[in-house]
Amino acid sequence: MSQNSAIDEVCQWNEEMCRKMLKTALPELISIYQCSESGSKLLRSLKILIDKFLPHIRLSEIEQTFASQVLPKAMTLFDELANEVTQHTGGLSSQNTGLQAALRNTIQFQIQILEILVNFVDHMCKFEEVLALKNIHSLSLAVIHILKNTFYHCKESETLYSGHLDLVADILQSLFKEAYSLQKQFMELLDRIVLESATSTDEDIESMVTVVHSVLEICSVISKMDHALHANTWKFLIKISVKHRALLEDKLPHDGLVAGLCEDILYSFNSCLHFAEQMNQPAVVGNGNSVDCKLFQKTLKLCRFFTNTLVHYVKEFADFLSTSCRLLHHLYLQMYCKFPPSINAPILPDGSYDQIACIVPVALDALVSQLMSYRPFMEMVLQDNLDFCSELAFPQCLLLLNIMDKLPSQSEVVQSLWCSGNQISEEKTRLPLLHSLFLNFKRCHAELSLPAQLPGVMSKGQAQQSVSLYEYVCTHLCSFITSISASYFPELECSLLDAVLSPYELTALLASDTWCFLARYGSADLCAHHVSLIADLVKSCCGDCFQLFHLSLLLRRLLFLMAAEHQVIFVKRFSPKEASNLLLWRQVSIKALAPELQRPITSDIIRTAIDQCRRWQSGKSSLGELEHVNVALAALLAVCHAQGEGLTSELQLAITETLCQIWTFLTVEQVLSQHCVQQTMALVLSLVASLIRVVGAALISQAVMFLSFLLPLNPPDHVRLAALDFLGSLGMTVISPDVQETCHEEVVPQSLVSGNTKSKVVSFLNKQAIATVECKELRIERMKQENTALEAHFSSLSQCAMNDTAMQPSAKRARKEPREEQYETALETAENVFKTLQNLLEQEPTPHWVTVRLQALQETIIALNNSKQEP
């Protein structure tokens, strides 16, 4: 009997006949099937085998006697059909009807294979017996292989068919629907698989892991094709992973699963933002039934599903996600980077963010709660030198604050890990939580400048009000201090001190605010200890540096919080009667001390400072020792600012006499060339300004005359600012005509000749800012650029500070003899005069006599040089 005749005969058999002839007919039909070369004959044979004989084979025999014999051939046929389609898609066109018909016929063959597999899977689902993976080994391989290729073909169809997709779109849709049905049925079958530790072999476990891997690949292919199928596939993956967790947990592709979920969450989240932005278009606003509105709601549900799925998966397999922590951390940062109040959040219609806020923050908060006690996540979040762009600094701050709020409810071990950090060489460096917070806070320049608004703390039943980022962080820091054990205060103090010493002003100010809260919250002894520590640091600072400025500000504030009895001890330890302590007393406010301490300390500071100035005057008056005078003048200025006219006439007179004496040592040339003299000049001007009512007209006139010579020579900016403050202090002071050349009351009216200048002065006096038009987008972009510039600037400052700390103290330079200092001063003065003369010569035509004078100067210089060379 021929093969065709045999197949025709079998087609006529009823169910009973097929069951009766199973053992004899099945091997013969399988042989015919395997030897068939024609695709149509193969499909016919396969359909007969599955429809007529498969229902009569016992479950335990299906894999060995049937599936393993017929399904590999079906896979090969499907691949051949797929290759045939791919090879001929390039020539597809509406004119080439023959090729069009051939392609459609080939795809129809593929659909028939899918239909046959659906029937096969459906039959396996009907068994009431317990299913093991070994019962469907060949079936699972065939189904996964064919599904993967089918979905990929559909996904790439627009590219494959070169603009002629419309000619085969209907049959491709049928192909996709059949594959959809097959996958749905196949996942139901896999869900019935039982894996038991007592009976399952290593091969069974590896096979199930392979299935998970394969379905994950399919999930990646269909991610943007069909939302329902995509979601159902993820449900299956998580369900089967949890179901067989005991056997699979250390073998599952956790990185791939987490990566896939994170990718899908970000894609759906960004899609939500996109559709919400489209709803802002004038044609769509107010139309709740628009396409964009419906797509927004649909995508929002999908985003909720993916985030909840990730949270569930992390809860079940947290201990196996060490290498996935980077992805989870990045997911948090990426989503909060696009969520208000981030400056990168898009502008959406009212209510859209509220709907998203019901999903994203809730899920991310749950994710953080689950990962807080997981050390790899902790090490990732607190890793030193995290390499991400400045846009992610703000969400990183929010993450750290979220963790900080949750930390008090964690175990002592977890609290210690987050708060302490580590410095063990064989481990990755983990920064303390607060240290990391300050590091990221300083990178949020744009959010601090706007400022970004965040929800405040509910107080006394009042509704939350929006607060700035600075206030938000400060409030959470202070709350954290009240909730942690005092055993963590050493780490807290180290982080606060490190932030105070930072070149970033707002970071230092935040640390100072937090430190002041700590001083109020802690004991009086703790406050006294901190004041003493900071005072020692202030005294150790060299020159005027940002560290000194920040430490002095903190010291000034903490002194106000210090108990009276501790202030007495502080004054004894840092006695104002000792000149070495003037460096400290110039930085504090006398008003911070108890009333009974203010008067004697004021007197001691003034007398000590005046004595130091007189020692310099009576000595060699060298520039190398002028720094001590500047310290003394700064201490006098601090006292004058605090006490003002409350100083006794005796002390005021002593200060005035000292200022008059110092004026005699100042020259215009030295102010232009010597930084220390510039400081002296600025301090003297400030002191005269603070005592303007008592210093007398002669000293004021002397200062004004000095400035009239100095200012035209373009001194440094800080000198010009000091001069401006001095002139501003004159106010309505009346100077008799016999000691002034110009009536200063008339200077301002004479300066307002220009209408533009007059308009600006009037606006300034009326406190009207000059109007600038800048939309929010431009302002944010400007702040991003400023942030880049500031990061570079502060990075250089930090590097300089590190270099200064790292360098060993260098040997002191040999002190010049008095005669050498005179030479140096004279030469520097001459050089500055020549520079001024050069600037004048470049500005405008010079009189003829200038050339003669220059030649005379040249001859003088030659003569001086010759006289020096003579023996």
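Since this is a predicted model, take the numbers as computed values, not measurements.

With respect to the overall build of the protein chain
Secondary structure summary: the protein chain contains 41 helices and 2 strands in total. For the protein chain, the share of sequence-separated contacts (at least 6 apart) that also reach a separation of at least 24 residues comes to 74%.

Comments concerning the environment of Phe665
Structurally, the position occupied by Phe665 is in the loop between helix 32 (649-663) and helix 33 (668-673). With near-sequence residues (within four places) excluded, Phe665 lies in contact with Trp616, Gln617, Ser621 and Gln670.

Quick word on the pattern of salt bridges
Counting across every chain of the model gives 16 salt bridges. Residue Arg19 pairs with Glu16 through a salt bridge whose shortest N-O separation is 2.2 Å. Taken as a pair, Arg19 and Glu16 lie in helix 2 (residues 15-20) at a separation of 3 residues, close to a single helical turn. Residue classification places Arg19 among the partly exposed residues on the basis of a relative accessible area of 45%.

Looking at unusual backbone geometry
The omega torsion of the bond from Pro340 to Pro341 falls at 10 degrees, within 30 degrees of zero and hence cis. Mapped onto the elements, Pro341 comes out in the loop between helix 15 (325-337) and helix 16 (352-357). A cis amide bond, omega -5 degrees, links Leu450 with the succeeding residue Pro451. Here Pro451 lies in the loop between helix 22 (445-449) and strand 1 (453-455).

Some details on helix 32
Look at helix 32: 21 Å from first C-alpha to last across 15 residues, which is about the 21 Å you get at 1.5 Å a residue. The set of residues buried in helix 32 consists of Leu651, Gln652, Ala654, Ile655, Thr656, Thr658, Leu659, Ile662 and Trp663.

Considering the packing of helix 25 (residues 505-521) against helix 27 (residues 546-561)
Think of two packed helices as two axes; the pair is described by the angle between the axes and how far apart they sit. For the pair helix 25 and helix 27, the least separation of the axes is 10 Å and the interaxial angle reads 20 degrees. Judged on the interaxial angle alone, helix 27 and helix 25 are roughly parallel. When the axes of helix 25 and helix 27 are compared, the crossing they make is right-handed. On helix 27, the residues touching Glu505, Ala508, Leu509, Ser512, Asp513, Trp515, Cys516, Ala519 and Arg520 of helix 25 are His550, Leu553, Leu554, Arg557, Leu558 and Leu561.

Points about the state of the cysteines
Counting across every chain of the model gives 0 disulfides. No disulfide involves Cys478; its sulfur sits 4.3 Å from that of Cys474, the nearest cysteine.

Let's talk about a nonpolar patch on the surface
Together, Phe834, Leu841, Leu854, Leu857 and Ile861 give the surface a local cluster of nonpolar side chains, amounting to about 390 Å² of exposed area. Elements represented by at least two residues in the nonpolar patch include exactly helix 40 (818-843) and helix 41 (848-869). Broken down by element, the nonpolar patch gets its largest block of residues, 3 residues, from helix 41. Within the secondary structure, Phe834 is located in helix 40. Under the relative-accessibility criterion, Phe834 is labelled partly exposed at 39%.

Observations concerning the side chain of Lys406
Its location among the elements puts Lys406 in helix 19 (residues 393-406). On the basis of relative accessible area, Lys406 is assigned to the buried category, the value being 15%. One polar contact links Lys406 to Ser369, side chain to side chain, over a distance of 3.1 Å. Sequence-distant contacts of Lys406, that is, excluding residues within four places in its chain, are made with Asp365, Val368, Ser369 and Met372.

Thoughts on the packing of helix 31 (residues 626-643) against helix 32
Between helix 31 and helix 32, the least distance of the axes is 12 Å, while the angle of their chain directions is 145 degrees. Between helix 31 and helix 32 lies a crossing of left-handed hand. Of the residues in helix 32, those in contact with Val629, Leu633, Leu636 and Cys640 of helix 31 are Ile655, Leu659 and Ile662.

Things to note about the packing of aromatic side chains
For the coordinates displayed, the defined rule picks out 15 aromatic pairs. Residues Phe66 and Phe120 carry aromatic rings whose centres are separated by 5.8 Å and whose planes lie at 65 degrees to one another, so their mutual orientation is edge-to-face. Linking Phe66 in helix 5 (residues 59-88) with Phe120 in helix 6 (residues 97-125), this pair joins segments that are 54 residues apart in sequence. Of the two residues, Phe66 and Phe120, neither departs from the other in class, the shared state being buried. For the pair Tyr313 and Phe317, a centre-to-centre distance of 4.8 Å together with 35 degrees between the ring planes defines the contact as tilted. Of this pair, Tyr313 and Phe317 both sit in helix 14 (residues 291-317), 4 residues apart, which is roughly one turn of that helix. For the residue pair Tyr313 and Phe317, the accessibility class agrees, reading buried in each case.

Description of the confidence of the model for the protein chain
Residues with a pLDDT of 70 or more make up 89% of the protein chain, whose mean pLDDT is 86. Scored below 50 in pLDDT, residues 805-816 makes 5 contacts in the model with residues more than four places away or belonging to other chains.

Observations regarding the environment of Val695
Tracing the backbone shows Val695 in the loop between helix 34 (675-690) and helix 35 (697-710). A residue is classified by how much of its surface remains accessible, and Val695, at 8% relative accessible area, is buried. With 35 residues separating them along the chain, Val695 and Cys660 place their C-alpha atoms 9.2 Å apart. Excluding residues that lie within four positions of it along the chain, Val695 makes contacts with Thr656, Val688 and Ile700.

The rules behind the values
Residues numbered from 1 in each chain as written. Predicted model: local features only at pLDDT ≥ 70, side-chain atom pairs only at ≥ 80, totals over all residues. Heavy atoms only, no water. Helix = DSSP H or I, 4+ residues; strand = E, 2+ residues; numbered from the N terminus. Contact = heavy atoms within 4.5 Å. Salt bridge = Lys/Arg side-chain N within 4 Å of Asp/Glu carboxyl O. Buried < 20%, exposed > 50% of the residue type's maximum accessible area, 1.4 Å probe, protein only. Expected span 1.5 Å × (residues − 1). Axes fitted to C-alpha atoms, helices over the stretch in contact; angles between N-to-C directions. Parallel < 35°, antiparallel > 145°, perpendicular 65-115°, else oblique. Left-handed = near helix turned anticlockwise from the far one by under 90°. Disulfide = S-S within 2.5 Å. Patch = residues over 30% accessible without salt bridge, like charges linked within 9 Å, V, L, I, M, F, W, Y side chains within 5 Å. Areas by Shrake-Rupley, 256 points an atom, 1.4 Å probe, with all protein chains shown as cover. Polar contact = N/O pair within 3.5 Å; in protein donor to acceptor, adjacent residues only side chain to side chain. Phe/Tyr/Trp six-rings, centres within 6.5 Å; stacked < 30°, edge-to-face > 60°. pLDDT = per-residue confidence, 0-100.

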